[in-house]
Each structure stands twice: as C-alpha cells, then as structure tokens.
Number of protein chains: 2
Amino acid sequence: MTEGEGMTISRREFAGVALGAIAARAQESERKVGYAMVGLGRISMQHLAPSLKASKIAKVTALVSGHRDKAEKMAAEYGIPAKNIYSYENYDAIADNKDIDAVYVALPNSMHAEYTVRAAKAGKHVLCEKPMATTVADAQAMIDACKKANRKLMIAYRCQFEPTNLRATELIRSGRLGKIQGIESANGFNIRAGEWRLNMKLAGGGPLMDVGVYSLNACRFLTGEEPGDIKANWSVIDKDGRFNEVEENLGWTMRFPSGIVASCNTTYGANMPGFYRVHGTKGMLHMEPAFGYEGIHLTAKIQGEPAIDEPNPEKDPAQFTREADHLANVILHGGELRASGEEGLRDMKLMMEIYRSCGR
Amino acid sequence: MTEGEGMTISRREFAGVALGAIAARAQESERKVGYAMVGLGRISMQHLAPSLKASKIAKVTALVSGHRDKAEKMAAEYGIPAKNIYSYENYDAIADNKDIDAVYVALPNSMHAEYTVRAAKAGKHVLCEKPMATTVADAQAMIDACKKANRKLMIAYRCQFEPTNLRATELIRSGRLGKIQGIESANGFNIRAGEWRLNMKLAGGGPLMDVGVYSLNACRFLTGEEPGDIKANWSVIDKDGRFNEVEENLGWTMRFPSGIVASCNTTYGANMPGFYRVHGTKGMLHMEPAFGYEGIHLTAKIQGEPAIDEPNPEKDPAQFTREADHLANVILHGGELRASGEEGLRDMKLMMEIYRSCGR
C-alpha cells in the first residue's frame, strides 16, 4: 500500500500523536505559544480556550471581540491583562503585542479571510476554523498572505489529530483492511432558525460547508487520495423560512483515483449523526460518533483477527488541545504542518465542485 | 402525510402482515397453492422450498432442473412424484399439471424473462427472483405475458413482507419521524470468482443488479416515492479477472419528489453489510442488518419517545414463507398483489438510469 499523495499525515506522525510525543517535546520548551481568540462564540469560549488550560505549550493570551463585556469576563477567568483585549477595529494592533504568537479565527465563515490576512500582516500565525472561507479566491488569498508574511496557516480539522480517527487512518493506509472499495459517510443536524449559518453571505453555503465538510475531509484523510467525478443532489423540504438562502439537504458520490467510491449525505433538517464506514477486501470499519467533540468510537472487523472495539475515552475539550498544540509545536520547534491552508483549499475547491455538480 | 403514489403497500396491509392476518385467512382455505421450483440453486433448495414446509397455504409440488439427480433427491425429501419433475426442455408441459399453480423462478437473471413468459403461457402464476430481468424490454415482456394469460407476476422482494422493514415503513409514512430529509443505504459482499453473477450476459450487471437493488427498492418502499436526479459512479479496483464484465463498486445519489436525498453504495469487492438509516425532522431510524435472511434489527430515536430497539427474532426461512404466502393468498383469495411485475419494472428502469448516469 503506497502512502497517499497530497496528504500530510505520515505513518511516523500517527505514532507520534498516539504516543504523546508532542507532550514529551513540550516539556523541553521554555515558553508557551500565546493564542488570541478572534471571536468569542461557543467554539472559542467553551472549547478551544478551555482546552488550552491543559496545554503544556500553548495558552490564551489575548481576546478579540466586539463585546467588551464578554471579553472582560473571559479575561478575568484566564488572567488576561486589559491591554490584551482587542476589538475588531484595533485588531491590527496585535502586531505590537509580543504575548500573541497566533490567532484562532472562530468567526462566521465569510470573515475568516479578512481576519486571517490581517493577522498575517500583523506577523501572527493563524489557526482558522473550517470551512476555511466562503470562496476559493478567499482561501487562496489567506494562503498567499500567510506565505508572504512567513507565518503558518492551519485549518482546524480536529479529526486529523484525534487518536481514534488516526487509528482508522492507520488501519486503512497500512493495508490491514485490504484494498479499500467503498466508503459511506454522513453528518448533519436540525438547525435552529436565526443562526448565521443560514445566511448565505456569512456562511458561503449550507450544511455541506459546515458539517458535510467533515465527511469530505474524512474520505480524503482516511484514504490519502483526492476525489474526482463528484456528483451531487440538493433539496429544500422545510419551507419554514430557514432555507431561503442555503441548501437543507445534500448528497454526493465521488470516486478516488484508486477506484474507491464514496457516497455521502449531509443535512440541516434532521439529526444525522456523524459516521463513516470503510469497506476493504479484508475487512471493514465503522466510526460512530466519528466527528463529535468526544465519544469517538471505532469498531472494525478484519478477517482472521479479533473484533476491534475502541472507544476514545477522552473528554471534550481534549481534541482542541491536540489541534492547538499541533500548530504551537510547529511554531516552537518547526516540522511539517498538518491541516495546512493548502489542505483547506482542497476541500474548498471540492465543495465548489459539489455545488456546481448539483446546480447550486 | 400523504400515502405514496405508485407503491402498493397500504397502511392496512402493514397491520395485516404484522398481525398474521394471512395465516388466519389461510386456515379457511381448503387447498394449498402448488409451487414448482424452477432452478434448484441455493435460494430455492435452502430457502424458498424449505420455507413452504411452514406454510398453511402453499407447498412445493414440482421441480424444474437440468440436473435430474439433484431433482430426484429433492423430490424424495418433499414427497414429490416423479411425474412432477421437469427439465428445461419439457418445462412447457407444466401446462397440463394441475398440481402446479405457480412457478418460483430462481435462475440466472438473464433466464428470468424466458421462464416467466413460458410459465404464463402454460397458465401458471409466477414468483420471480430479483432483479426481475436483465433489460427493461424483458421486464415489460414478462408483465405483458402474464397480463395476457391473466396470471399473477410477483417479484421476490422479501423485505416488503418482513415485519421489521414494514415497521420502519410505518414509522416513516405515519409521520412519526417527521418530514424525511435524507437516507443512507449500502449493501454488498466480496464475491467469489466463477459465479454466474460476474457474467454480464447472465447477470445483466454487477452488484447494483444483485444487491444494490435492495437499497434502491428500500428507499422506494420506505418513502412511497419514486426517485429522480440519479447520479452515479462506478469502478473496478481488483484486476484479478473477476470484473472483466461487470462493475465492482457503484455509488449513487438520488432525489425524491418531496426533496428526500438518498446516497447509496454497493460492491462485489468487500463486505458491506446491508443497512439503511433514515433521517426525519423528529427522529431517525437505523436498520441493520436490513436485508438479510434473518436477524433484521431496527433501532430508532424519536424526539420525546423512548428509544426503539426491535430485533426480529424470526429465523430463516420465515421471510420466504411470508413472500410465497403473499402470492399464494392472492391466488386463493384475490386482493391486491404487492411487489408486482410493475414494481420490478420500476427498479429495472431506475437501475438502467443509474448505469447510464455513470457511463456504463
């Protein structure tokens, strides 16, 4: 089995993550990477920021928010001095703040590009939430800006750092499942009215951009291949005003160069627990939950081997620590960045192909 | 929620099957419908024929085979007189045999049409295995011949008579799951070299025709809708000589008139346990195994209701008794035939659309 091209997860790195090599290296480091939270929504306040309390190599050192009250409350909790609280207006002043090495961009999708480019111009590294942007042009501009500033740009693909997903990837790429033939995956939820995710200008698209991207990215990181022959269908069923701009349901099939055929579904209209199942000539694996913040659970049946049943006991926000630590580690010690801007750009281009193929 | 058009399962019939109404009616009948097994392969010898030992309204009364030895052995087991053993050459003589009411056609797909048409001409009803035929023209010819002879033509869609699949259909069509948004389904297996199923002329296609049809038919009977916007991908990965004629892997997405998006996979290259999951605004259900001869297992989560966990404890060949009894019951007592030739023809047309959409 050959290593996939165009992907940045090597066999050695699986082992590294699994064995806690990052933590070991961290103990050698003398300082912690300082993150500025850009956008104080649920994911930054309840997941990423809390996750850094457990980090040995990163910490929250600054906050960027349009809500001073919210920021001051959070600053008190994290021991952040008032001078390290920024608004969107004076955001560029982070350039002068040595407490800040990197920003975590957790804003509505359409703002990712602007706040990444401004961070790069301010000399800061960037960890940006997925989807990377709302257009391919914006994604490219983010990459270009970070390259020009010689700063790292990482997209927050949590699952690429989650040990059980890495274990699945190892089972597949090592050939333990034989030649992979087919993959099914889905991910979706029933969205509340009023969310910015339903606004096309802010979100750039519907469930595909927000949660379908997990299935798309998983099919790519599991196989190490880049898909083609993308064919999709979309629909809106609930004429309740939520879906005047973005799609409600979307399904697609795609084919990988080796011949693997994947069929995926996503929705904003129903509970659709994130899962994938991968079928090889020697066995299959089923991951469910596959993409959640905790409770990731792998089962697999491989010919002639005992059944595999491996739940990940880690609790939220451990996955966020892992992803933030990855970028911090690269900043501190160098090495190859996984889940780079280029990786995000590939998903952006593929999502645009999915939309094009179904006439969106 | 409106009843689906073009489908023949009514709410009343669900209840009828579930409550054993057929068995109750059977006790009133004075005679049993006699089936001739046409083709003594695994499915007829190990499943359908044994299943009729438990039937109150049908029995095996004749055998049609190219292997006289095999037929005589089986005849002894079932108490079938030598005069009721036929070859493919003298098959048409079943016309003169009053012991035979119906034939069960369990031959390679390409022979379904001929042996159905000859049965109709001989004045016999037909229960034909799926896929109905290898071409739409053949399927239509089968329907026409049975219509002309005023004989019933039923396609052996086991799952349409299996109580747990009917329960899932009821949960969906009654609105218990809310508006249905998305469906995922898959079904496949790793085929042995040398099977007639790998011969295009005999099989008419690959895993789609043989096992993918379960997913296709399930999406239709679950929703009561007819899909459109079919888009598919196929591939051959194992260049080991098995797939010189038929596809190895196939995935497709389709959209139903109400907006439901379904994404499905099938394969002859790997273990791909038959499942479907259906997502509605109020809940979801997962069926697995969905299509097997036994062990069918339904789980569902519906908002505000206790979790549903309903395995079907029936053992093989109970499903075969149910399907053969359905036709027998219609023959004896009249009433609407479910899983008619027209139902098979719809799947045939859709499978041809799937093939066309991926350039097969």
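The structure presented is a predicted model; accordingly, all values stated were derived computationally and were not measured.

A separate point is the overall build of chain A. Within chain A, the secondary structure is distributed over eleven helices and 14 strands. Its C-alpha atoms give chain A a radius of gyration of 20 Å, near enough to 21 Å, the size a compact globule of 360 residues would have. Within the span of chain A, comprising 360 residues, buried residues form 58% of the whole. Put simply, of all contacts in chain A between residues at least 6 apart along the chain, 71% involve residues at least 24 apart.

This brings us to the interface of chain A and chain B. Contacts between the two partners involve 39 residues from chain A and, on the opposite side, 40 residues from chain B. Of all the secondary-structure elements, those providing two or more residues to the side of chain A that touches chain B are strand S7 (180-190), strand S8 (228-235), strand S9 (249-255), strand S10 (261-267), strand S11 (269-280) and strand S12 (283-287) of chain A. If you tally residues by element for the side of chain A that touches chain B, the top one is S9 of chain A, at seven residues. For the side of chain A that touches chain B, the per-class residue count stands at 13 nonpolar, 19 polar and seven charged.

Residue and element names in this part refer to chain A. Spatial ordering of the open sheet is given by S3-S2-S1-S4-S5-S6, a layout of six strands whose pairing is parallel. In the strand order of this sheet, the two ends are held by strand S3 (85-86) and strand S6 (153-155), each with one partner. Where strand S5 (residues 125-128) meets S6, three bridges bridge the pair, whose relative direction is parallel. Looking at the pairing, Leu 127 lines up with Met 154 of S6.

All names here are of chain A. When cut into domains, chain A gives domain 1 (19-158) and domain 2 (163-314 + 338-357). Computed over C-alpha atoms, the centres of domain 1 and domain 2 are 26 Å apart. Contact residues are listed per partner, giving 20 residues for domain 1 and 20 residues for domain 2. Looking at which element gives the most residues to the side of domain 1 that touches domain 2, the answer is helix H6 (residues 136-148), with six residues. Along the lines of polarity and charge, the residues of the side of domain 1 that touches domain 2 split into 13 nonpolar, six polar and one charged.

Residue and element names in this part refer to chain A. Because side chains alternate across strand S4 (residues 102-105), one face comprises the buried residues Ala 102 and Tyr 104, and the other comprises Val 103 and Val 105, equally buried. Pairing analysis gives four bridges linking strand S1 (residues 33-38) to S4, with the strands arranged parallel. Bridge assignment links Met 37 to a residue of S4, and that residue is Tyr 104. After leaving S4, the chain enters helix H5 (residues 112-121) and then returns to the sheet as S5, a path that is right-handed.

Time to look at the environment of Glu 226 of chain A. All names here are of chain A. For Glu 226, the position within the fold is in the loop between helix H9 (207-223) and S8. Among the residues examined, Glu 226 registers 17 C-beta atoms within 10 Å and is labelled partly exposed. Taking the C-alpha atoms as reference, Glu 226 lies 28 Å from Asn 271; in sequence the two are 45 residues apart.

Now for the environment of Ser 44 of chain A. Residue and element names in this part refer to chain A. Inspection of the secondary structure puts Ser 44 in helix H3 (residues 42-51). Separated by 47 residues in the primary sequence, Ser 44 and Tyr 91 have C-alpha atoms spaced 17 Å apart. Among all residues touching Ser 44, those that are not within four sequence positions of it are Met 37, Gly 39, Ala 49, Tyr 104 and Ala 106.

Ranked by size, the top nonpolar core spans 215 residues in total, and within it Tyr 35, Met 37 and Val 126 of chain A together with Tyr 35, Met 37 and Val 126 of chain B carry the most contacts. Leave out the neighbours within four places in its chain, and Val 126 of chain B touches Ala 102, Val 103, Val 105, Thr 116, Ala 119, Ala 120, Cys 146, Arg 151, Leu 153 and Met 154 of chain B.

Residues and elements named next belong to chain A. Helix length check: helix H10 (residues 318-333), at 16 residues, gives a terminal C-alpha distance of 22 Å against a target of 22 Å (1.5 Å per residue), a fit within 8%. Judged by how many residues are buried, H10 sits mostly within the fold: twelve of 16 residues are covered. Residues of H10 that are buried: Gln 319, Phe 320, Thr 321, Arg 322, Glu 323, Ala 324, Asp 325, His 326, Leu 327, Ala 328, Asn 329 and Leu 332. A positive backbone phi angle near 75° is found at Gly 334, which sits one or two residues after H10.

Right, let's talk about the relation of the copies chain A and chain B for a bit. Two chain copies here: they are related by a rotation about an axis and a translation along the same axis. For the pair chain A and chain B, the relating rotation is 180°, the translation along its axis is 0.0 Å, and the fit reaches an RMSD of 0.0 Å. One copy is carried onto the other by what is essentially a two-fold rotation axis. Same-surface contact between copies: 100% of interface residues of chain A are shared with the interface of chain B.

Residues and elements named next belong to chain A. With five of five residues buried, S12 is to be regarded as a mostly interior element. Side chains Gly 283, Leu 285 and Met 287 of S12 all project onto a buried face; the interleaved residues Met 284 and His 286 project onto the opposite face, where all are buried too. The sheet contact formed by S11 and S12 spans four bridges and is antiparallel. When the sheet's bridge partners are listed, Val 278 is paired in S12 with Leu 285. Linking S11 to S12, which pair antiparallel, is a turn of two residues. Where S12 and strand S13 (residues 297-302) come together, five bridges link them in antiparallel fashion. The residue bridging Gly 283 from the neighbouring strand is Ile 302, located in S13.

Turning our attention to the packing of helix H7 (residues 163-173) of chain B against helix H9 (residues 207-223) of chain B. All names here are of chain B. Running from N to C, H7 and H9 cross one another at 50°; their axes reach a closest spacing of 8 Å. One element, H7, and the other, H9, form an angle in the oblique class. Across the interface between the two elements, Ala 168, Thr 169 and Ile 172 of H7 pack against Phe 221, Leu 222 and Thr 223 of H9. A per-class count over the contact of H7 with H9 returns four nonpolar, two polar and no charged.

This part takes up the packing of H9 of chain A against helix H11 (residues 341-357) of chain A. Residues and elements named next belong to chain A. At a minimum axis separation of 11 Å, H9 and H11 run at an interaxial angle of 110°. Judged by the angle between their axes, H9 and H11 are roughly perpendicular. Along its contact with H9, which presents Leu 208, Met 209, Val 213, Leu 216 and Asn 217, the element H11 presents Asp 347, Leu 350, Met 351 and Ile 354. Of the residues in the contact of H9 with H11, the class split is seven nonpolar, one polar and one charged.

Turning to H3 of chain A, a few remarks are in order. Residue and element names in this part refer to chain A. Listing the buried residues of H3 in full gives Ser 44, Leu 48, Ala 49 and Ser 51. Down the axis of H3, the buried set is contained in an arc of 150°. They therefore lie on one face. Those residues of H3 that are buried are in contact with S1, strand S2 (58-64), helix H4 (68-78), S4 and H10.

Bringing the sheet that holds strand S1 (residues 33-38) of chain B into the picture now. Residues and elements named next belong to chain B. Taken in spatial order, the six strands of this open sheet run S3-S2-S1-S4-S5-S6, and their pairing is parallel. Each end of this open sheet is capped by a strand with a single partner; those strands are strand S3 (85-86) and strand S6 (153-155). Both strand S4 (residues 102-105) and strand S5 (residues 125-128) contribute to a ladder of four bridges, which runs parallel. In the sheet register, Val 105 faces S5, and the bridge partner there is Cys 128. This element, helix H4 (residues 68-78), spans strand S2 (58-64) and S3 of the sheet and lies at about 160° to S2. Lying on the sheet, helix H5 (residues 112-121) is in contact with S1, S4, S5 and S6; it crosses S5 at an angle near 160°.

The rules behind the values
Residues numbered from 1 in each chain as written. Chains lettered and ligands numbered in written order. Predicted model: local features only at pLDDT ≥ 70, side-chain atom pairs only at ≥ 80, totals over all residues. Helix = DSSP H or I, 4+ residues; strand = E, 2+ residues; numbered from the N terminus. Rg over C-alpha atoms; globule rule 2.2 N^0.38 Å. Buried ≥ 20, exposed ≤ 12 C-beta atoms within 10 Å, placed from the backbone. Contact = placed C-beta atoms within 7 Å. Nonpolar A, V, L, I, M, F, W, Y, C, P; charged D, E, K, R; others polar. Pairing = 2+ DSSP bridges. Domains from an automatic or database assignment. Right-handed = clockwise from strand over helix to strand, strands pointing away. Core = buried A, V, L, I, M, F, W, Y, C linked by C-beta atoms within 7 Å. Expected span 1.5 Å × (residues − 1). Least-squares fit on C-alpha atoms with pLDDT ≥ 70 in both. Axes fitted to C-alpha atoms, helices over the stretch in contact; angles between N-to-C directions. Parallel < 35°, antiparallel > 145°, perpendicular 65-115°, else oblique. Arc of directions from axis to C-beta.

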